[in-house]
Structure formats: C-alpha cells, structure tokens
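Structural features, examined
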Amino acid sequence: MLKRSAPIVVGLGAIAYVSAVTQRSSMGVASLVASDRFHTNAQQLASLAVVQIIAYAVMQVPVGLLLDRFGSRRLLAFGAIAMGVGQYVVAFSSVLPEAALGRFLVGFGDAFTFISMIRLINGWYHGRRASQLQQWLGNAGQLGQVVSAVPFAFLLHLSGWQKAFTVWATIALIIGVVSFLVIRDEPNPELVHRPASLKESFALLRQSVGFASTRMAFWTHFSTQSTVTVLVLLWGVPFLEEGEGLPKNLALAMLSSTVFIGVGAGICYGFICSHFPQFRRRTILSVVLLMLGSWAFLLSWPGHAPAWAIWITIVCTAIASPSSMIAFDYSRQYIPKRQLGASNGFINIGGFVASLTMMYLVGLFLDLHHGLVAGTGEALYSIDGFRISFCCIFAVVGFGLRRYVVNEAATTE
C-alpha cells in the first residue's frame, strides 16, 4: 500500500510546485498590462517582482527550520493558501502598493513550496531514485511558466486583469486544501527523528552553513538559476517585445520554450547526478560559461538582433537554469536528513538573491539610460537601454561562479 502511495503523494507535491511556479511567473506575463494599469516606470514595475522575491528569499531559512520541525504536508498546504490570498489581493488592486502587497504574499507562500517538495521526495525515495526525482520534478515544475504564458495569458487578454488573477487564486486555494488532506510526510512517520525545538534546528543549520559543501551548493544555485528567473518573472516580455521588437506571440513562445528545454536538460543532469556525480563540477562550469558567452554574443549585436541569434541565447540560458538542481544533489549527499530542510532553504536563497539583484539593476539602468537620452524620443524599453542594463548578468553570475569554484575546491580537499 505504501509503495502505491508514494507516486500519489510525491505527485501531488509536484502539482503544488507547478501551481506555485504559475503564481510566481504570472506577473512576468502581465508586466506590460501592469505598467499601463498602475502607470509605472521601470523601477516601479520592478518593485512588483522585487517584493515577491524578497519575501521568498527572506522566508527560506525560517521555512526550512519549520520544515524540519513540522514536515511537508502542513507547509505545502499553508503556502498554497497564502499564494491564493496574495493573488486575490492582486486581482482587486487598483494602485501599485496594493498589488505589491499581493505579490509579497505570493512570494511568502511560494517560499513554502519548493523545499517542501524536495523534502517530500527524500521522505518517500532514497539513493539514486531520489536523486533523479529531485532533478526531474524540480525541472518539470517549471511547466508552471507555460501555464502562465499560455492559459493565464489567454484569460488575461480575454477577460481582463481581475478575472485572470481571481481564477488563479482560486486554483491555489483548492490545491492547498487537497494537499493538507492527502499528503503524508513519510511512509513511516513514527520512525522519523525531528529536531526537538526550533532552537535545535537553528543550531543544526549554523553547523551546516559552516561546511564548504553547503556553501558550494548555495553558489551553484546562485550562478545557474537567476538569469532565466529574471526573464520569466519580469524583464523577458519587455525585452523581447519592446527592446527587440518581436511579436507578442513569438516573445511568449521563446519564454515558454525555456521550460521544455529545461526539462530536457534536467533529465540529462539527473542522469549525470545519479550515474556520474564526478562530472557535476564540469557540467556547471560548462553550462554557465556557455550561457554567458551567448549573452555576450547577443548584446554585442548592433541594433535589433535577428530571431535566430535571440533563440541561441534563450536556449543557452534555458540549458543553464535546470543545472541549479545539482545544488540539491550536493545537499542530499553531504547533509543529514534531519537538517536537510533548513539547509536546502539556505541553499535555495542563492538563485533568488542573484535574481533580485539583477532585476533591480536592470530597472535602475533602464531608467538611468532613459534619463540620459531624454528629449531624443527613445522609448524607456529601448534595445540600447537593455543592452546596457543586461550587462549586470555578467557581474552577478561571474561573481557567483567564482565563489562556487572556491568552495568546490575546499569541499574536495
């Protein structure tokens, strides 16, 4: 019976994660609509994504501590309900601060979901199978971006802002209730040793962060996950439509394709992690350098780049993103299960700290560039503005990659 329950329980956790990614990425699809609705400039528009990611990043360690103490079922349910409430606030908001509050609640609820799913996988599966499922389900969860880019975008266009966000809020609430009723944390919960208190959980986290292996996993996530997040959550649609002048459908297709490319690449990374873990370092370095090279190629193109050049960058960026899941294969290898929740929460902060930094810098430099060319008639979201602002990708990712190399070397000594 318990073996038959494992796919159901873990599958429902994966569905909750797909829903969370949909709620998370919905504002990226609606960014231009939001700009018109709230009459914002680039920095103000970025605040909708920034507050969401701040809530997500700030809550990762507290959620991890709670996860070690209370388990996945309660946290998955609570996170889905919090996201639903946040989307209702966004749906009925008429001014930017109200929408920002709603997105803050979405980020807050989102923080409970991913690491709870990872913990659920490690509760029901072990060894090579757990390693593969972490990679596959972690990357398959990004199908939520397709949901936001296609059915959500269609509903937004057809029925408007309020109806679209209300429907997605209701879906989140339903998933929260079902998760609470159906999910079990472990097949034999009476055998699980949990920390006696949050104080003990925090002491175990401090011990874990002191290990070079934990920091190596953090910088893995920092270097690989952030660039796709910046595109999907906020700047992808303005960059492709307004900057590069692509039709809306093609821009959405490009952003949606990152999911399918990522799932395919994630299967390969899952195979590497489970069968050839000695190649994890080489994999990370290769895909990150390939991504940075593709952005250098695209941003150096004079004027609007042709579609094929943009596709190259999109593909290389999409290939790099799912390698962030290698971070959790490192943690599965080096960190005891009883402190895995808090440690994974710390590791998961990495990519979102990098994303938050990039999102803000892109908005800042877009506004600065627009101010410098004021009076020339150049649009806020011009290709020259994006060419300057997207240079922050090299600084942020390059810094993270350097820290990964240092800590990886310390781990293998």
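Along each chain, the written sequence defines residue order, and numbers are assigned to residues from 1. A pLDDT threshold of at least 70 governs which residues receive local features in this predicted model, and a stricter bar of 80 or more applies before side-chain atom pairs are shown or counted, although totals over entire chains, interfaces and linings include all residues. With hydrogens and water stripped out, all remaining heavy atoms of the structure feed into the side-chain values.

**Some remarks on the overall build of the chain**
Put simply, DSSP marks the helices as runs of H or I at least four residues long and the strands as runs of E at least two long, and each gets a number from the N terminus on. For the chain, the helix and strand inventory stands at 18 helices and 0 strands. Throughout, the radius of gyration refers to the C-alpha atoms, and the reference size of a globule is 2.2 Å times the residue count to the power 0.38. Radius of gyration (C-alpha) of the chain: 20 Å, near the 22 Å computed for a compact globule of 413 residues. C-alpha extents for the chain along the principal axes are approximately 70 × 50 × 35 Å. Buried residues are those whose accessible area, probed at 1.4 Å on protein chains only, stays under 20% of the maximum for their type, while exposed residues exceed 50% and partly exposed ones sit between those limits. Here the chain, with 413 residues, has 60% of them falling under the buried criterion. Should any heavy atoms of two residues lie within 4.5 Å, those residues are counted as being in contact. Sequence-distant contacts, at least 24 apart, represent 84% of the contacts inside the chain between residues at least 6 apart.

**Considering the environment of A82**
If you trace the backbone, A82 turns up in helix α4 (residues 72–91). A relative accessible area of 12% places A82 in the buried class. Sequence spacing of A82 and L173 is 91 residues, and the spatial spacing of their C-alpha atoms is 8.2 Å. Residues contacting A82, with those up to four places away along its chain left out, are L105, F108 and G109.

**A closer look at the confidence of the model for the chain**
Across the chain, pLDDT averages 85, with 95% of residues at or above 70. Per-element averaging of pLDDT across the chain places helix α10 (residues 198–209) at the bottom with 75 and helix α13 (residues 280–299) at the top with 95. The quantity called pLDDT is the predictor's confidence in a given residue, expressed from 0 to 100.

**Topic: the packing of aromatic side chains**
Within 6.5 Å between ring centres, the rings of Phe, Tyr and Trp (the latter by its six-membered ring) count as paired, and their orientation is classed by plane angle as stacked under 30 degrees, edge-to-face over 60, tilted in between. Scanning all chains against the criterion turns up 27 aromatic pairs. Each member of the aromatic cluster is reached from another via a ring pair, and the members are W235, F239, W295, Y381, F386 and F390.

**Let's talk about the nonpolar core**
In plain words, nonpolar cores are sets of buried Ala, Val, Leu, Ile, Met, Phe, Trp, Tyr and Cys residues tied together by side-chain atoms within 4.5 Å. Ranked by internal contacts, the top residues of the largest apolar core, which has 128 residues, are F114, W161, W235, W295 and F390. The leading source of residues in this core is helix α3 (residues 42–70), at 14 residues. Sequence-distant contacts of F390, that is, excluding residues within four places in its chain, are made with L231, W235, F239, W295, L299 and V362.

**Topic: the side chain of T258**
You can see T258 is positioned in helix α12 (residues 248–275). We classify T258 as buried; its relative accessible area is 9%. Identification of polar contacts relies on pairs of N or O atoms within 3.5 Å, with a donor-acceptor requirement for protein atoms, meaning one able to donate a hydrogen and the other able to accept it, and with residues adjacent in sequence counted only if both atoms are side-chain atoms. Separated by 2.6 Å, the side chain of T258 and the backbone oxygen of L255 make a polar contact. Contact partners of T258, with chain neighbours within four places excluded, come to Q145, V232, I314 and A318.

**A look at the environment of L361**
Mapped onto the fold, L361 is located in helix α16 (residues 340–372). Given a relative accessible area of 22%, L361 falls into the partly exposed group. When the C-alpha atoms of L361 and C392 are compared, they prove to be 6.9 Å apart, with 31 residues separating the residues in sequence.

**What about the side chain of S26?**
Its place among the elements puts S26 in helix α1 (residues 2–29). Judged by its relative accessible area of 0%, S26 is buried. Within polar-contact distance, the side chain of S26 engages the side chain of Q87 at 3.3 Å. In contact with S26, other than residues within four places in its own chain, are Q87, R103, S148, F152 and F165.

**Describing the pattern of salt bridges**
Side chains that differ in sign of charge can pair as their charged atoms come close. Here, a salt bridge means any Lys or Arg side-chain nitrogen found within 4 Å of an Asp or Glu carboxyl oxygen. One pass over the structure, following the stated rule, counts 6 salt bridges. A salt bridge links R332 to D329, with the nearest nitrogen and oxygen atoms 3.4 Å apart. Residue R332 and its partner D329 are located together in helix α15 (residues 326–334), separated by 3 residues, close to a single helical turn. Residue classification places R332 among the partly exposed residues on the basis of a relative accessible area of 26%. The shortest N-O distance in the salt bridge between D384 and R387 comes to 2.7 Å. Linking D384 with R387, this pair stays in helix α17 (residues 383–389), spanning 3 residues, or about one helical turn. Classification of D384 by relative accessible area gives partly exposed; the value is 35%.

**Structural notes on the state of the cysteines**
The term disulfide is used for any two cysteine sulfur atoms that are within 2.5 Å. In total, this model carries 0 disulfides according to the counting rule given. Not part of a disulfide, C391 finds its nearest cysteine sulfur in C392, a span of 8.0 Å.

**Describing helix α14 (residues 307–320)**
Between its first and last C-alpha atoms α14 spans 20 Å; for 14 residues at 1.5 Å apiece the expected length is 20 Å, and the two agree. When we look at burial in α14, the residues that qualify are A309, I310, T313, I314, C316, T317, A318 and A320. Against α11 (212–243), α12 and α13 lie the buried residues of α14. Expected helix span is computed as 1.5 Å times (number of residues minus one).

**Side note on the packing of α16 against helix α18 (residues 392–412)**
Axis definition: a line fit to C-alpha positions, over the contact stretch in the case of helices; interaxial angles, taken between N-to-C directions, run 0 to 180 degrees. Contact geometry for α16 and α18: axes closest at 10 Å, N-to-C directions at 160°. One element, α16, and the other, α18, form an angle in the roughly antiparallel class. Where α16 crosses over α18, the handedness of that crossing is right-handed. Across the interface between the two elements, A354, T357, M358, L361 and V362 of α16 pack against C392, I393, V396 and V397 of α18. In the contact of α16 with α18, the residues fall into 8 nonpolar, 1 polar and no charged. Orientation is classified from the angle alone, with under 35 degrees giving roughly parallel, over 145 giving roughly antiparallel, 65 to 115 giving roughly perpendicular, and any other angle giving oblique. By definition, turning the near helix anticlockwise from the far helix through less than a right angle yields a left-handed crossing, and turning it clockwise yields a right-handed one. Just so you know the grouping, Ala, Val, Leu, Ile, Met, Phe, Trp, Tyr, Cys and Pro go in nonpolar, Asp, Glu, Lys and Arg go in charged, and all remaining residues, Gly too, go in polar.

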